[in-house]
Amino acid sequence: MAIAPQTLRNLIDGDPVEGDGEERIAVLNPATGEQSWSAPVSDADVVDRAVKAARRAFAGWSARTTAERAQALLALADMLELHGEEIARKLKLLATEGV
């Protein structure tokens, strides 16, 4: 059963960011060859913004105590549990014949 492709965007500093224009890359399901997603083509400026954002985030993350990091990871685990079925469906779609 074919499923309409989903549109992905970059996430930089928590904000969705398109690539450098209208160009997109088709992400294919390896089992079926069908398109599952489309991802933006990002130019050097978008990539530089993402790297700079990651470096800023790392500075804050590395300054946190072990207890604070554990609390953040537990919150992430809660979100994964809440959205686990949706994540599993998307991973299955990417890795197998689809859902």
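See the structure above.
Attention in this report is confined to the structure presented alongside it. The structure presented is a predicted model; accordingly, all values stated were derived computationally and were not measured. (Residues numbered from 1 in each chain as written. Predicted model: local features only at pLDDT ≥ 70, side-chain atom pairs only at ≥ 80, totals over all residues. Heavy atoms only, no water.)

Per the counting criterion, the structure on display carries three salt bridges. In this structure, D13 engages R56 in a salt bridge whose closest nitrogen and oxygen atoms are separated by 2.5 Å. Linking D13 in the loop between β2 (10-12) and β3 (15-17) with R56 in helix α1 (residues 44-62), this pair joins segments that are 43 residues apart in sequence. Judged by relative accessible area, which is 52%, D13 ranks as exposed. We classify R56 as partly exposed; its relative accessible area is 48%. E86 is the partner of K90 in a salt bridge, and the nearest nitrogen-oxygen pair spans 3.4 Å. You can see K90 and its partner E86 sitting in helix α3 (residues 84-95), four residues apart, about one turn around the helix. (Salt bridge = Lys/Arg side-chain N within 4 Å of Asp/Glu carboxyl O. Helix = DSSP H or I, 4+ residues; strand = E, 2+ residues; numbered from the N terminus. Buried < 20%, exposed > 50% of the residue type's maximum accessible area, 1.4 Å probe, protein only.)

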